[in-house]
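For reference, the chains in residue letters:
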Amino acid sequence: MPSSTTAGGSLVIAWLGLTLGVAFGSALLPLISIEIFLVGLAMQQPHIPWLCLGATVAVGQVAGKLLYYYAAKGTLRLPSFMHRKTRVETPRRVAWRQRTKRVRMWVEFLREKCHRHPHWMVGTYGVSSVIGLPPFMATSVLAGMVRMSLSAFLSAGLIGRFIRFSLVAASPAVFANWIL
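Residues numbered from 1 in each chain as written. Predicted model: local features only at pLDDT ≥ 70, side-chain atom pairs only at ≥ 80, totals over all residues. Heavy atoms only, no water.

### Let's talk about helix α7 (residues 136-145)
Those residues of α7 that fall on the buried side of the exposure criterion are Phe136, Thr139, Ser140, Leu142, Ala143 and Gly144. Arginine 147 sits one or two residues past α7 and shows a positive phi near 60°. (Buried < 20%, exposed > 50% of the residue type's maximum accessible area, 1.4 Å probe, protein only. Helix = DSSP H or I, 4+ residues; strand = E, 2+ residues; numbered from the N terminus.)

### Comments concerning the pattern of salt bridges
If you walk through the whole model with that rule in mind, you get two salt bridges. Between glutamate 35 and arginine 164 there is a salt bridge; the shortest N-O distance is 2.9 Å. Linking glutamate 35 in helix α2 (residues 34-44) with arginine 164 in helix α8 (residues 150-179), this pair joins segments that are 129 residues apart in sequence. For glutamate 35, a relative accessible area of 26% translates into the label partly exposed. Residues arginine 116 and glutamate 112 are paired through a salt bridge, measuring 3.6 Å at the closest nitrogen-oxygen approach. Of this pair, arginine 116 and glutamate 112 both sit in helix α5 (residues 101-116), separated by four residues, roughly a single helical turn. A relative accessible area of 36% means that glutamate 112 is categorised as partly exposed. (Salt bridge = Lys/Arg side-chain N within 4 Å of Asp/Glu carboxyl O.)

### With respect to the nonpolar core
If you look at the biggest cluster of nonpolar residues, it comprises 15 residues, and the most contacted ones within it are Tyr69, Met121, Tyr125, Leu142, Ala143, Met148 and Phe153. Residue contacts for alanine 143: discarding those within four places in its chain leaves Tyr69, Met121, Met148 and Phe153. Listed in part, the 14 residues of the second largest apolar core include Val22, Leu38, Ala42 and Leu53. (Core = buried A, V, L, I, M, F, W, Y, C linked by side-chain atoms within 4.5 Å. Contact = heavy atoms within 4.5 Å.)

### Quick word on the packing of α2 against helix α3 (residues 50-73)
Close contact between α2 and α3 brings their axes to 12 Å; oriented N to C, the two are set at 155°. The angle between α2 and α3 falls in the class roughly antiparallel. For the element pair α2 and α3, the recorded crossing hand is right-handed. Between α2, through Ile34, Leu38, Leu41 and Ala42, and α3, the contact on the second element is made entirely by Leu53, Val57 and Gln61. Class assignment of the residues belonging to the contact of α2 with α3 gives a composition of six nonpolar, one polar and no charged. (Axes fitted to C-alpha atoms, helices over the stretch in contact; angles between N-to-C directions. Parallel < 35°, antiparallel > 145°, perpendicular 65-115°, else oblique. Left-handed = near helix turned anticlockwise from the far one by under 90°. Nonpolar A, V, L, I, M, F, W, Y, C, P; charged D, E, K, R; others polar.)

In short, geometric facts, not functional conclusions.
Structure representation (C-alpha cells):
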C-alpha cells in the first residue's frame, strides 16, 4: 500500500511541476492559455487539490511577470535585438504616431498618477491580478515603470493570482456537482 501512495504522490508532484512550467511560460508568452490548461488538468486529475493548483499557477505566473517588471524597471538588461533603433521618419510613421497620440498620452498620465499615488498602483495591480482587467501583463510592466516596491508587487500578485487560479481550478468540480 505505501508504494502506491508514494507513486500517487510523485505523480501529483510531477503534474504540479508541469503546471508550474506552463504557468511560467504563459506569463512570458500570452499565446499559451493557462486557464484552458488548468481546467483540463483539473478535469483529468481531480485528485490534485485545487488549492495546490492555484498556488502553483500563482507562483509560476508571478515569476514570469517578474521578468517584465525588472525589464520595465531597468534592472534587467534586454538583448540588443529588443532595443529600439532610430528609424527614418516616413509619412506612415508620422501618421501612426498621430493615431496613437491619445493612447501614449493616457499611458503617460497613468504613469504620472502612479508616481504620485503609489497605493493606487498596488490596488490597480491587485485588481488586475484577480480579474485580468486592466491586462495583467500591462500592469506588471507599469509596476516596473513606476518602481513599485518588490514586496508589494510580489504580495499583491501572488494573492490575486492565487484567488483567480484557485477558482479556475475548482470550477470543474463545482460545475460537475452543480449540474449533477
